[in-house]
Amino acid sequence: MTQEIKVVRRVLAVNERMAEQNRRRFAEQGVFVLNVMSSPGSGKTTTLQKTIERLMPATRTAVIVGDVATTHDADRLAVTGAPVVQVNTDAFGGDCHLAAHVIEKAADDLDLDAVDLLIVENVGNLVCPAEFDIGEDARVVVLSVTEGEDKPVKYPTMFRLCDAALLNKIDLLPHLDYDKAKAIGYIRQVHPGMPIFELSARTGEGLGPWVDWLRARVEAKLNA
Amino acid sequence: MHEMGIAQQIIDIAAASIPAEMTGARVERVNLKIGRLSAVVPESLRFCFGIVSQDTPLAGAELAIEETPILARCKDCDTRWTIDEPVFTCTSCGGGRLEILSGRELDIVSIEVAEREP
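Residues numbered from 1 in each chain as written. Chains lettered and ligands numbered in written order. Predicted model: local features only at pLDDT ≥ 70, side-chain atom pairs only at ≥ 80, totals over all residues. Heavy atoms only, no water.

Undergrad: So, the sheet that holds strand E5 (residues 117-121) of chain A: which residues are in play, and what are the values?
TA: All names here are of chain A. Taken in spatial order, the seven strands of this open sheet run E4-E3-E5-E2-E6-E7-E8, and their pairing is parallel. The sheet terminates laterally at strand E4 (84-88) and strand E8 (196-198), the two strands that pair on one side only. Direction aside, neighbouring strands of the sheet carry axes that sit 20 degrees apart on average. Here three bridges tie strand E7 (residues 164-168) to E8, and the two strands are oriented parallel to one another. (Pairing = 2+ DSSP bridges. Helix = DSSP H or I, 4+ residues; strand = E, 2+ residues; numbered from the N terminus. Axes fitted to C-alpha atoms, helices over the stretch in contact; angles between N-to-C directions.)

Undergrad: Break down the interface of chain A and chain B for me, with residues and values.
TA: Interfaces are often described in size by the accessible area the parts lose on coming together. On the side of chain B, 36 residues touch chain A, which itself brings 29 residues to the contact. Across the chain A/chain B interface, buried area totals approximately 2,800 Å², and carbon plus sulfur atoms make up 59% of it. Three residues, Ile5(A), Val11(A) and Glu131(A), lead the burial of chain A against chain B; their summed loss comes to 23% of the area buried on that side. At the junction of chain A with chain B, the criterion picks out two salt bridges. Applying the counting criterion to the chain A and chain B interface returns 17 residue pairs in polar contact (both at pLDDT 80 or more). For the side of chain A that touches chain B, the elements supplying multiple residues, two or more each, are strand E1 (2-10), helix H6 (156-161) and helix H7 (180-190) of chain A. A total of nine residues in the side of chain A that touches chain B trace back to one element, the largest contributor, which is E1(A). (Contact = heavy atoms within 4.5 Å. Buried area = accessible area lost by both parts, 1.4 Å probe. Salt bridge = Lys/Arg side-chain N within 4 Å of Asp/Glu carboxyl O. Polar contact = N/O pair within 3.5 Å; in protein donor to acceptor, adjacent residues only side chain to side chain.)

Undergrad: Report on the pairing of strand E2 (residues 32-38) of chain A, specifying residues and quantitative values.
TA: Residue and element names in this part refer to chain A. Most of E2 sits inside the fold, with seven of its seven residues counted as buried. Neither face of E2 is open: one carries Phe 32, Leu 34, Val 36 and Ser 38, the other Val 33, Asn 35 and Met 37, and all of them are buried. Bridge analysis of E2 against E5 gives five bridges, and the strand direction is parallel. Considered in E5, the bridge of Leu 34 is made with Ile 119. Examined bridge by bridge, E2 and strand E6 (residues 138-144) share five bridges and lie parallel to one another. (Buried < 20%, exposed > 50% of the residue type's maximum accessible area, 1.4 Å probe, protein only.)

Take a look at the structure:
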């Protein structure tokens, strides 16, 4: 005999509970958490490195870096003077994203009382990290002009979920056939009204408005 | 790509939902609701589930997946519609302030459990 048993539960309920716990902890300790996502090779690490250089020391910043393997990104970010915790997801089965419990553990390695802004550099992937809340205050997606213009419509969940998009490597535009207007049109189609920052982490062009946006968000939380 | 972890969560939740008195029960089917805006590919989920469920009470169970559409509501003119293409602007007023009513589900609705033959 077969019996149907009602369950009615979110499959990711465990992660969502842990994310809420993180969120409460970060609120109590006065830390703004930014979840940065992108495809591999969009220039996320360089963008963060340059962003942190502009924020420090006024905005005390720390970073959690997720990668499937290696500490290369952490090494590059440590140059900024910000405390960096590297998480290699291969220890958790080569995961393609950072889950809330991983952030909880990584945050234990930081002195959060001395941190205003915690940046989480998620694993390079436009699909999976969208499904995992980590307890962040804002999410941004980095894409670059060396990728296809249609990334936003190929990965609408990610672009819907984010609070801002950074379009990186604009210094390369003269050398590419990239249709920037088309890419921006796609972002607007998927997420109307989302701020889009066009910048080059390499040359520093366009970094100012992005850093100002982030700083304003951090200050709004810390002064709340 | 993260379907393996999702499959494991499904097994954990389903196994914990089998009533204690049904000793040796086998789950025949798991009824899931997965929104079109969730980052889960049903085919990969089925593949991963088949691997992870081995040697559990869910071995051989069928994943019955109901894919739920993306339903939106315009915050400006209150129009409601189903989003089929990745275009998130109001079909009526063209506004972009939307509330997503459904489409992000990733829920276990129920499990169908067979008792062991006496």
